[in-house]
Amino acid sequence: MGAWKRFVNWLKGTNLNDLIFKVDVFTRKLDRQRKQLEKEARINRNKAKKYQLDGNSDAAKLYAEHYVRYQKWAMGVDAYRLHIMNLLMKLKQSQAVAETAKILSGISRALGALKSSVRTQNIAQLVDNIDSQIEHFEMTQEVAQGGLEDITVSTEVTDSDVQRTLEEINQEIAVETGVALPTTPADSRIQKLEEEIRRIKEER
């Protein structure tokens, strides 16, 4: 039996409304996960700022890196969530078997990309849970010629991302302490700012 006939037979025995409900619940869980990741990002940024104030640039850089990572994960989760919600809406409106195959294939690709991009245990568990509900995702990819548009979200943390975060934190510190940022290269600027902060603390 060909892939298409196997898929049609599987679809006939599937409660599509139940599948739609499960995907809908999945997107709600993704939204809660996004909020948790954003919370972790804020915690790490606050720690980076604290260590920068204390003059511990190594610790500040470490937490700035974690901040950027959690922030990108949160943005990635939301991008995939919105993409899957769009596919879910199309699935609710779909009546043709061929169109349903394409949409399920799109959801499958989005799940796989989400799992590989946002590598946290909670995300992996969420994806595995919904993925296990649709046993023939591989078959839908075979029969969905062309499919729907893919989505790719980069969650890579670069040195420039971390440096930009530290510069933003330095600007906040400068406003709060009244110390103007020097217009020198980044490393020298951070070093001089740390010296100014220490001097201010000593004068208090």
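Above this text sits the structure in question.
This one's a predicted model, so the numbers in the text were calculated from it and none came from an experiment.

Student: What is the right way to read the overall build of the chain from this model?
Tutor: In terms of helices and strands, the chain carries eight helices and zero strands. Across the chain, helices and strands are ordered from the amino to the carboxyl terminus as α-α-α-α-α-α-α-α. Expressed as a percentage of its 204 residues, the buried residues of the chain come to 41%. Put simply, of all contacts in the chain between residues at least 6 apart along the chain, 77% involve residues at least 24 apart.

Student: Looking at this structure, how should I read helix α7 (residues 159-177)?
Tutor: One full turn of an α-helix is made of 3.6 residues, so residues set three or four places apart face in the same direction. Taking 1.5 Å per residue, 19 residues should reach 27 Å; α7 reaches 27 Å between its end C-alpha atoms and fits that length. Those residues of α7 lying buried are Asp161, Val162, Thr165, Leu166, Ile169, Asn170, Ile173 and Ala174. Within two residues after α7, Gly178 carries a phi angle of roughly 80 degrees, on the positive side.

Student: Explanation requested: the pattern of salt bridges in the structure shown.
Tutor: A side chain of one charge can pair with a side chain of the opposite charge if their charged atoms are brought near each other. Tallying each qualifying case throughout the model produces 17 salt bridges. For Asp24, the salt bridge goes to Arg28, with nearest N and O atoms at 3.6 Å. Taken together, the residues Asp24 and Arg28, both in helix α2 (residues 16-53) and four residues apart, mark about one turn of the helix. For Asp24, a relative accessible area of 21% translates into the label partly exposed. The exposure class assigned to Arg28 is exposed, which follows from its relative accessible area of 51%. Across the salt bridge formed by Arg34 and Asp31, the nearest N and O atoms sit 2.8 Å from each other. Pair noted here: Arg34 and Asp31 are both in helix α2, with a separation of three residues, about one helical turn. What makes Arg34 buried here is its relative accessible area of 15%. Given the relative accessible area of 18%, Asp31 is considered buried. Taken together, the shared-partner salt bridges in this structure form one network comprising Asp31, Arg34, Lys35, Glu38, Asp78 and Arg81.

Student: Looking at this structure, I do not really get the packing of helix α3 (residues 57-93) against helix α4 (residues 97-117). What am I missing?
Tutor: Axis angle and axis distance: for two packed helices, these are the angle between their axes and the distance between the axes, and together they describe the pair. Interhelical geometry of α3 versus α4 gives an angle of 170 degrees and a closest axis separation of 10 Å. Accordingly, the angle class assigned to the pair α3 and α4 is roughly antiparallel. Residue-level contacts link Trp73, Val77, Tyr80, His83, Ile84, Leu87, Lys90 and Leu91 of α3 to Thr100, Ile103, Leu104, Gly106, Ile107, Ala110, Leu111, Ala113, Leu114 and Ser117 of α4. Split by residue class, the contact of α3 with α4 holds 13 nonpolar, four polar and one charged.

Student: Would you explain the packing of α2 against α3 in this entry?
Tutor: α3 packs onto α2 with a crossing angle of 165 degrees between their chain directions and a minimal axis gap of 8 Å. Regarding the angle of α2 to α3, the classification is roughly antiparallel. For the element pair α2 and α3, the recorded crossing hand is left-handed. Residue classes in the contact of α2 with α3 are distributed as 22 nonpolar, six polar and ten charged.

Student: For this particular structure, what's the right way to read the side chain of Arg45?
Tutor: By secondary structure assignment, the location of Arg45 is in helix α2. Of the residues examined, Arg45 reaches a relative accessible area of 14% and is grouped as buried. Apart from the residues lying within four places of it in its own chain, the contact partners of Arg45 are Tyr67, Glu168, Ile169 and Glu172.

What counts, and at which threshold
Residues numbered from 1 in each chain as written. Predicted model: local features only at pLDDT ≥ 70, side-chain atom pairs only at ≥ 80, totals over all residues. Heavy atoms only, no water. Helix = DSSP H or I, 4+ residues; strand = E, 2+ residues; numbered from the N terminus. Buried < 20%, exposed > 50% of the residue type's maximum accessible area, 1.4 Å probe, protein only. Contact = heavy atoms within 4.5 Å. Expected span 1.5 Å × (residues − 1). Salt bridge = Lys/Arg side-chain N within 4 Å of Asp/Glu carboxyl O. Axes fitted to C-alpha atoms, helices over the stretch in contact; angles between N-to-C directions. Parallel < 35°, antiparallel > 145°, perpendicular 65-115°, else oblique. Nonpolar A, V, L, I, M, F, W, Y, C, P; charged D, E, K, R; others polar. Left-handed = near helix turned anticlockwise from the far one by under 90°.

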